[in-house]
Amino acid sequence: KNNIFKDYINNLPNIKIEKEKFFKDLEQEEKYSFLNTPKSIEYKTAIDGIKFPFQIYQEKESGVYIDDKEVEFISGDGLRASIHSKSGSVYEGQVTDKGIPHGFGELELRNGDIYIGEFVNGKKEGSGRLFSTTGGCSYEGKWKEDMHWGEGTFINPQAGLSFKGSWVANERHGLGSISNSETEIKGIWEHDHLVFGHEIKMMAGLEYYGEWANEKWNGNGKLKFPDGSVYYGGFKDGDISGKGKFLKVTKKYNSELDEEVFVEEQIIENDNWEGGVICGHGKVYTESWCCEGDWSRGSIKNATITNKIDNDSNKLNIYKGEIDSRTFVPHGQGEEFLENGEHYIGHFVEGKRDGEGQVTYADGSSFKGNWLRGLRIGKGSIKNDQLEIEADFKEIIKDTDNANEDNSVLFGKGIIKNKLNNSIYNGEFENGLPEGFGELKIINDNNNIEIIKKGLWSKGLLIKED
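Residues numbered from 1 in each chain as written. Predicted model: local features only at pLDDT ≥ 70, side-chain atom pairs only at ≥ 80, totals over all residues. Heavy atoms only, no water.

## Side note on the overall build of the chain
Within the chain one finds 4 helices and 32 strands. Within the span of the chain, comprising 466 residues, buried residues form 39% of the whole. If you take every contact in the chain between residues at least 6 apart in sequence, the share linking residues at least 24 apart comes to 19%. A total accessible area of about 27,000 Å² is found for the chain, and carbon and sulfur atoms account for 48% of it. (Helix = DSSP H or I, 4+ residues; strand = E, 2+ residues; numbered from the N terminus. Buried < 20%, exposed > 50% of the residue type's maximum accessible area, 1.4 Å probe, protein only. Contact = heavy atoms within 4.5 Å. Areas by Shrake-Rupley, 256 points an atom, 1.4 Å probe, with all protein chains shown as cover.)

## Let's talk about the pairing of strand 5 (residues 123-131)
Each regular strand carries side chains that alternate between the two faces of the sheet. Strand direction decides the pairing type here: strand 4 (residues 114-120) and strand 5, joined by 6 bridges, are antiparallel. Its bridge partner being in strand 5, Ile116 is matched across the sheet by Arg129. What sits between strand 4 and strand 5 in their antiparallel hairpin is a turn of 2 residues, with Asn121 showing a positive phi close to 50°. (Pairing = 2+ DSSP bridges.)

## A word on the nonpolar core
Of all hydrophobic cores here, the largest spans 51 residues; its most connected members are Ile323, Ile389 and Phe393. The dominant element in this core, judged by the number of residues it contributes, is strand 27 (residues 387-397), at 4 residues. The residues contacting Phe393, other than those within four sequence positions of it, are Phe367, Arg376, Ile377, Gly378, Gly380, Ser381, Ile382, Leu410, Phe411, Gly412 and Phe429. (Core = buried A, V, L, I, M, F, W, Y, C linked by side-chain atoms within 4.5 Å.)

## Observations regarding the packing of aromatic side chains
How two aromatic rings sit relative to each other is given by the distance of their centres and the angle of their planes. In total, this model carries 24 aromatic pairs according to the counting rule given. Residues Tyr208 and Trp217 carry aromatic rings whose centres are separated by 4.7 Å and whose planes lie at 15° to one another, so their mutual orientation is stacked. Assigned by exposure class, Tyr208 and Trp217 land together as buried. Cluster of aromatic residues (ring-pair linked, three or more members): Tyr91, Tyr115, Phe119, Tyr139, Trp143, Phe163, Trp167 and Trp189. Just above the ring of Trp149 sits the side chain of Lys144; from NZ or CZ to the centre is 4.8 Å. For Arg172, the ring lying beneath its charged end belongs to Phe163, and the centroid distance is 5.6 Å. (Phe/Tyr/Trp six-rings, centres within 6.5 Å; stacked < 30°, edge-to-face > 60°. Lys NZ or Arg CZ within 6 Å of the ring centre and 35° of its normal.)

## A few points about unusual backbone geometry
Although it is not a glycine, His191 adopts a positive phi angle of roughly 50°. A positive phi angle is found at Lys459, which is not glycine, with a value near 55°. In this structure, Lys459 sits in the loop between strand 31 (449-458) and strand 32 (461-465). Since its relative accessible area comes to 69%, Lys459 is described here as exposed.

## Some details on the pattern of salt bridges
Per the counting criterion, the structure on display carries 13 salt bridges. In this structure, the salt-bridge partner of Glu336 is Arg353, at a minimum N-O distance of 3.0 Å. A residue pair is termed long-range when its members are at least 10 positions apart, and Glu336 in strand 22 (residues 329-337) and Arg353 in strand 24 (residues 352-360) qualify at 17 residues. Grouping residues by exposure puts Glu336 and Arg353 together as buried. (Salt bridge = Lys/Arg side-chain N within 4 Å of Asp/Glu carboxyl O.)

As structure tokens, then:
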């Protein structure tokens, strides 16, 4: 067993170490790192330094929020004028000696939009607020050459949307945060596109941290689910895609606390996720169990399964072959190596030996034949140093609460050849000894029948001769 699976056993994952990587060292691990570039590290440092809008709101409500921005005072000195343009707009405020808006003023456009703020040589520049009377949208912040340029806040009340952050030439560019009724994002924008962000979907209970493109999760990142489960790896168009690692968390009842608690139960690694479904080579494992193989659209047909007998030791049972994709148990044709020395090749149904199969035991003996629900039932043969048996077998468990290899009884009806005394028994038996009605023939050295015993047997002895 160790020769066949040596490399596999040496590479079995340790879930305790892997979980530690999830929460501590994952960002330094090359295989699954989503902060593997200097730019991403720079982005992370930047967005971690700002707050979500809901955090600012909570702090304002509790009275602990402090806005440390300096208050700007606008001078009212200088020439003032009221200007009506041919296009229908009206300006009132400070002007140059040539009548060009310059300084503080109010501009009402023909469509009803109103700007109140600073001007430089006829253009909106400095601090100001633009309010749309048609759609209700507004922008308040810095301007340059009639464009949003610098720190500013845009609000669209109809869409329930607001953005607060850095602008360049009317485009979101730099650090900022955006929010609506369902989600809040703080991140980095480049030329009006979000490239790296931290998103919280309040209604869905999801939290994403990583790279963006086309207004969706694209690239590498991490996603936290409402139940505490976490995924690290690749994303495409808002879905888990590419190489990634998933830590599944489930709720279990804790009798001591008398409540349900989150338990880190399972880790899934895969080289190719597609739309949140595993589609490539990977493994699923817990502290005592591991299943490795190739997946297709979330389904797996062949795998290697390792079960630890004791979590604190290296005692293993190993299976390689077809499995049930839903339950991850042997199902179909496979090969099994048990820690007690058994080696089985044959058919399985729902995790149990079922159908044709052959097992070789640690002492060299073997059984080849039919199995049913893990028991030897039907036609088969047994071979060991002393006996060869061809029979119809029926194995039962004496104590269903304590099933082990010493707890079963093997009944049968057939032929037993004993190599030691050169005898042939034909009849009923139990665990290799005549039990019930049967006939025993002893063959001499000349292959002639020397003795025939026929009748009722018990524990290998004739108790009533026929």
